[in-house]
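The lines below spell out each chain.
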Amino acid sequence: MQVFHSLDELKAHVGQELGPSGWLTVEQGRIDEFAGASEDRQWIHVDPVRAAKGPFGATIAHGYLTLSLLAHFSWDQFELSGAAMAVNYGLNKVRFPAPVPVGSRLRAIGKLDGIRELADGWTELTITQTVEIEGAVKPACVAETLTRVLWS
């Protein structure tokens, strides 16, 4: 866990790694809950019997479930102790290079790509997050995220 106490400390870290986060196991219960919340109940996610005979050999997590875990992983990677608040502002690019089979362990490694100072004490961070699957060659997700930070 990296702790940044000021914008200057954060600026000195541009181009460097954030994390890695801790590992998180993606169980079927989490996949089912996401299916209910997102109304995406495709069989490759929620039907273990049918999915066992499908192209992945088991159910897989939704790509958007994997993407949503970036919030969790970020909390493990770094802390902005000098900030009043931080909010997700959006994404520039997202890709899902590999499926996440049920039972997989995931973690994320970030790279602080840039910082842009905005008006009224706000700063925008651009971070590329790579979600790794333990033991896999390809990542589950690569996303360029935008976070807006209000400094105290």
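Please refer to the structure placed before this passage.
Thresholds applied
- Residues numbered from 1 in each chain as written.
- Predicted model: local features only at pLDDT ≥ 70, side-chain atom pairs only at ≥ 80, totals over all residues.
- Heavy atoms only, no water.
- Salt bridge = Lys/Arg side-chain N within 4 Å of Asp/Glu carboxyl O.
- Helix = DSSP H or I, 4+ residues; strand = E, 2+ residues; numbered from the N terminus.
- Buried < 20%, exposed > 50% of the residue type's maximum accessible area, 1.4 Å probe, protein only.
- Pairing = 2+ DSSP bridges.
- Core = buried A, V, L, I, M, F, W, Y, C linked by side-chain atoms within 4.5 Å.
- Contact = heavy atoms within 4.5 Å.
- Phe/Tyr/Trp six-rings, centres within 6.5 Å; stacked < 30°, edge-to-face > 60°.
- Lys NZ or Arg CZ within 6 Å of the ring centre and 35° of its normal.
- Arc of directions from axis to C-beta.

Caption draft 1: How the structure looks around the pattern of salt bridges. This structure, assessed with the given rule, holds 7 salt bridges. Among the salt bridges present, the one from Lys 11 reaches Glu 117, with a minimum N-O distance of 2.4 Å. Linking Lys 11 in helix α1 (residues 7-11) with Glu 117 in strand β6 (residues 105-117), this pair joins segments that are 106 residues apart in sequence. Judged by relative accessible area, which is 35%, Lys 11 ranks as partly exposed. Across the salt bridge formed by Glu 39 and Arg 41, the nearest N and O atoms sit 2.6 Å from each other. Accessibility expressed as a relative area gives 58% for Glu 39, which makes it exposed. According to the relative accessible area criterion, Arg 41 is partly exposed, its value standing at 49%.

Caption draft 2: Spatial organisation of the pairing of strand β7 (residues 122-133). Burial within β7 is extensive, with 9 of its 12 residues counted as buried. Pairing of β6 with β7 involves 11 bridges; the strand directions are antiparallel. Residue pairing across strands places Leu 112 opposite Ile 127, the latter belonging to β7. The hairpin turn running from β6 into β7, its antiparallel successor, is 4 residues long, and Asp 120 in that turn takes a positive phi close to 60°. One ladder, built from 10 bridges, connects β7 with strand β8 (residues 141-151); its direction is antiparallel. If you follow Thr 128 over to β8, its bridge partner there is Glu 144.

Caption draft 3: Main features of the nonpolar core. Within the largest apolar cluster, 20 residues are counted, with the highest numbers of intra-cluster contacts made by Val 26, Phe 73, Leu 106 and Val 131. At the level of elements, α2 (28-38), α5 (63-68), α6 (70-77), β6, β7 and β8 are the ones that each hand at least two residues to this core. Phe 78, Ala 83, Val 149 and Trp 151 belong to the second-largest nonpolar core, a separate cluster that totals 12 residues.

Caption draft 4: Examining the environment of Thr 25 more closely. Locating Thr 25 in the fold gives a position in strand β3 (residues 24-25). Look at Thr 25 and you get partly exposed, because its relative accessible area is 28%. The spacing of Thr 25 and Val 102 is 77 residues in sequence and 8.4 Å in space, taken between C-alpha atoms. In contact with Thr 25, not counting residues within four places along its chain, are Arg 30, Gly 103, Ser 104 and Arg 105.

Caption draft 5: Local environment of the packing of aromatic side chains. Applying the stated criterion across every chain yields a total of 1 aromatic pair. In this arrangement the basic side chain of Arg 148 is found over the ring face of Tyr 89, its NZ or CZ atom lying 3.5 Å from the centre.

Caption draft 6: Structural view of α2. Burial in α2 covers these residues: Gln 28, Ile 31, Phe 34 and Ala 35. With its buried residues spanning 125° around the axis, α2 presents them on a single face. The outward face of α2, more than 90 degrees from its buried face, is lined by the exposed residues Glu 33 and Ala 37. Its buried side turned inward, α2 meets α3 (43-46), α4 (48-52) and α5.

Caption draft 7: Seen up close, the environment of Ser 68. Looking at the secondary structure, you find Ser 68 in helix α5. Expressed as a C-alpha distance, the spacing of Ser 68 and Phe 34, which sit 34 residues apart in the sequence, is 9.8 Å.

Caption draft 8: Layout of unusual backbone geometry. Note that the residue after Gly 19, namely Pro 20, is joined by a cis bond; omega there is 15°. Mapped onto the elements, Pro 20 comes out in the loop between β2 (17-18) and β3. Of note in this structure, Glu 39 is not a glycine but carries a positive phi near 65°. Relative to the helices and strands, Glu 39 is located in the loop between α2 and α3.

Honestly, that's just the spatial picture; any functional story needs more than this.
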